[in-house]
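# Chain and residue survey
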Amino acid sequence: MAKKTVALTGASGNMGYQGFKELYKQKNRYNIALLLRDSEKNREKFKNFINDPSIRIVWGDLTKYEDVFDLVTGADYVLHVGGMVSPAADYYPKRTLKTNTTAAQNIVDAVKAQPDPDSIKVVYIGTVAETGDRNPPIHWARTGDPIKISMYDHYAISKVKAEAIFAESGLKYWVSLRQSGILYPAILKNMDPIMYHVPINGVLEWATVEDSGRLLANVCGDDIPDNFWRKFYNIGSGKEYRITNYEFEELLLGALGLPSPKKLFDADWFTLRNFHGQWYADSDKLESFLHFRANVPIQKYFDQMAKQVPAYYRACKLLPKFMGGAVAALAKPFMKKIAEAEVYGTLNWKKTENPDRISAYFGDMETVRNMKNWDEFEIIRPTEEVTLLDHGYDETKPLHKLDIEDMKKAAAFRGGECLSETMVPGDLYTPLKWKSARGNEFEMTPNLVLLGGHWCPEELPWPWDYDTEAKINPFFAQVWYPLHSKDENNYYDESIFKGFKDM
């Protein structure tokens, strides 16, 4: 049987490289084309593959169409993992938006330019950040829930816009897989202020880098049915990896031989909200198609990660336990310096009383002044009982029976209207005309609205005005009011977001 060709972007990153290794194990089945930025680091990383006949490397740029066209030409599968990610995305938001959306459009255009575009299967890796802050009690989530990008998360904006490019492309075979936080050894070394942007009682269903790599290889299998495509899925490593952010800190520090988070951090260094994270009510659905999970117990997995970082990171494991407190006392001032960093440090926001950051991440200065330390802070693990949001239409109906009345109900639940009068029942891929509660008219496929959770692209969000949106959009109110009061008046300086709208 002829070998298939898999085109892969982002192979130098964590998930992409793991996916490349999994595909390379099967090079008797696959030829692999890689688009890599031409850098000394990448040349060194892939030097052993340059002369391999099963590997073709395009040294290029995702934002250059000719490079993407070169990559895609001859491919049976296009796995789009590449792009700018956090924390770099936080420092270069405009570049992130341009890079990630241009890359998506280039891939769509390059696939359409092939002799038989309907034979090419395109896999887009999205992000859990698309649905934003889902702290308890709304910590159970699924695809189709409202898009709700956290304030200042320009990376998530770029991923939402890129996802829409694929979903509205008209390609016969595409899929959006929304990646969660990835566990990989280098995460144990992360020392960026973003580490404090995470609420202690927030949650995340993590995905291991090995599971993520297997996923990329398995999606190229011959056993993937047609009904898998043109949909949205959440990537997670399952029940074992559904933990709170405090439990994550315990596992991470414990793997390195360090004492409790309470010894190394103060509770009020962390934010109270406005970070992304959720437990997936539907991640098993993707597993049922791709069978990518290894199901390693999470404690064992953290211990395995610790063995893969330089020995000095886990030197504390060699010390007697009674010395853990002394190590923490020495390390704590260093950890505080990170929280005090200019621009992104949480303690810097508090010191300068930054109105935008305080509003987004804490609520107001009174809340900040009343924050508790560990002796009074309540650490909770939320309920494991799955609760689902209302998507505004009859979800018991098979997809192939959804009709214009279902569209009108869904639009009304979003505070708007479906302006189209007719649709072919079950045709979720022909755009309809819609009107938002703010009066903006737009066209979008029912698939992206109902199954993707998207709504008016004009309001994606410039600037964020979620207090108003919750008042006029019952669908969105489900993910806003449980975490914000109805009389809250968030303050955001519109000048911060000026210039992003038309990019």
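Now for a quick tour of the structure. What you see as residue numbers is a count from 1 along each chain, following the sequence as written. The model is predicted, so local features are restricted to residues of pLDDT at least 70 and side-chain atom pairs to those at 80 or more, both for listing and for counting; the totals for chains, interfaces and linings are taken over all residues. Side-chain descriptors were evaluated using all non-hydrogen atoms of the structure, hydrogens and water having been removed beforehand.

## Here's the deal with the side chain of Thr 143
Selection criterion: Secondary structure elements follow DSSP: runs of H or I of four or more residues count as helices, runs of E of two or more count as strands, with numbering from the N terminus. Buried residues are those whose accessible area, probed at 1.4 Å on protein chains only, stays under 20% of the maximum for their type, while exposed residues exceed 50% and partly exposed ones sit between those limits. Note on contacts: a residue pair is in contact if any heavy atoms of the two residues lie within 4.5 Å.
Relative to the helices and strands, Thr 143 is located in the loop between β6 (140–141) and α6 (154–167). Assessed through its relative accessible area of 13%, Thr 143 is described here as buried. Beyond its immediate chain neighbours, meaning those up to four positions away, Thr 143 contacts Arg 178, Phe 232, Tyr 233, Asn 234, Asp 282, His 391 and Leu 451.

## Observations concerning empty space enclosed by the protein
Rules: A pocket here means an open set of points on a 1 Å grid, computed over the protein atoms alone, that has protein on both sides within 12 Å along at least five of seven lines. A cavity is instead a set of points where a 1.4 Å probe fits but cannot get out; residues with an atom within 4 Å of a point line either one. Grid points are joined across faces, edges and corners, and a volume is the space filled by probe spheres set on the points. In this classification, the charged set is Asp, Glu, Lys and Arg, the nonpolar set is Ala, Val, Leu, Ile, Met, Phe, Trp, Tyr, Cys and Pro, and all remaining amino acids, among them Gly, are polar.
Inspection of every chain in the model, using the stated rule, returns 3 cavities of 30 Å³ or more. Approximately 60 Å³ is the volume found for the largest cavity. Around the largest cavity, the lining residues are Val 198, Pro 199, Ile 200, Asn 245, Tyr 246, Glu 249, Pro 261, Phe 265, Phe 270 and Trp 374. For the lining of the largest cavity, the element with the most residues is helix α8 (residues 245–255), which contributes 3 residues. A volume near 50 Å³ is recorded for the second largest cavity. Each residue belonging to the lining of the second largest cavity can be placed in one class, and the counts come to 5 nonpolar, 3 polar and 3 charged.

## Considering the pattern of salt bridges
The following threshold applies: Salt bridge, as used here, is a side-chain nitrogen of Lys or Arg placed within 4 Å of a carboxyl oxygen of Asp or Glu.
Per the counting criterion, the structure on display carries 23 salt bridges. Note that Lys 25 is salt-bridged to Glu 22, the shortest N-O span being 3.2 Å. Classification of Lys 25 as exposed rests on a relative accessible area of 62%. Overall, Glu 22 belongs to the buried group, its relative accessible area being 10%. The partner of Glu 205 in a salt bridge is Arg 242, and the shortest N-O contact between them spans 2.8 Å. Here Glu 205, found in strand β9 (residues 203–205), pairs with Arg 242, found in strand β12 (residues 242–244); they are 37 residues apart in sequence, far enough to count as distant. Counted as one network, the salt bridges with shared partners bring together Glu 205, Arg 242, Asp 284 and Arg 293.

## Notes on helix α10 (residues 283–290)
Within an α-helix, residues lying three or four positions from one another point in the same direction, as the helix has 3.6 residues per turn. This is how the line gets drawn: Here the arc refers to the set of directions running from the helix axis out to each C-beta atom.
Buried within α10 we find Ser 283, Leu 286, Glu 287, Phe 289 and Leu 290. Taken around the axis of α10, the buried residues stretch over an arc of 160 degrees, which confines them to a single face. Contacts from the buried residues of α10 go to β7 (174–179), β9, α7 (209–218), β11 (232–234), β12 and β13 (279–280). Backbone geometry just after α10 places His 291 at a positive phi near 50 degrees.

## Structural notes on the sheet that holds strand β16 (residues 441–444)
Sheet strands associate in pairs through backbone hydrogen bonding, adopting either a parallel or an antiparallel arrangement. For clarity, the cut-off: Here, any two strands with at least 2 DSSP bridges between them count as paired.
An order of β14-β15-β16 is seen for the 3 strands of this open sheet, with the pairing classed as antiparallel. Since the sheet does not close on itself, it has two edges, and those belong to β14 (417–418) and β16, each with one partner. Strand direction decides the pairing type here: strand β15 (residues 432–435) and β16, joined by 4 bridges, are antiparallel. Its bridge partner lying in β16, Trp 434 is registered against Phe 442.

## Here we look at a positive patch on the surface
Defined as follows: Patch criteria: residues need more than 30% relative accessible area and no salt bridge. Like-charged residues are merged within 9 Å; nonpolar side chains of Val, Leu, Ile, Met, Phe, Trp and Tyr are merged within 5 Å. To be clear on the numbers: accessible area is Shrake-Rupley with a 1.4 Å probe, and residue cover counts the displayed protein chains and nothing else. We score Asp and Glu as negative and Lys and Arg as positive, and we do not count His or the chain ends. Positions of charges follow a simple convention, taking NZ of Lys, CZ of Arg, CG of Asp or CD of Glu.
On the surface, a cluster of positive charge is made up of Lys 21, Arg 37, Lys 41 and Lys 45. In this fold, Lys 41 is placed in helix α2 (residues 40–45).

## Topic: unusual backbone geometry
At the junction of Pro 136 and Pro 137, the peptide bond is cis and its omega measures out at 15 degrees in the coordinates. Residues other than glycine seldom take positive phi values, yet His 291 does so here, at roughly 50 degrees. Relative to the helices and strands, His 291 is located in the loop between α10 and α11 (298–306). Residue Asn 295 is not a glycine yet carries a positive backbone phi of 60 degrees. As for its placement among the helices and strands, Asn 295 is situated in the loop between α10 and α11. Of the residues examined, Asn 295 reaches a relative accessible area of 54% and is grouped as exposed.

These results come straight from atomic positions and should not be treated as a statement about function.
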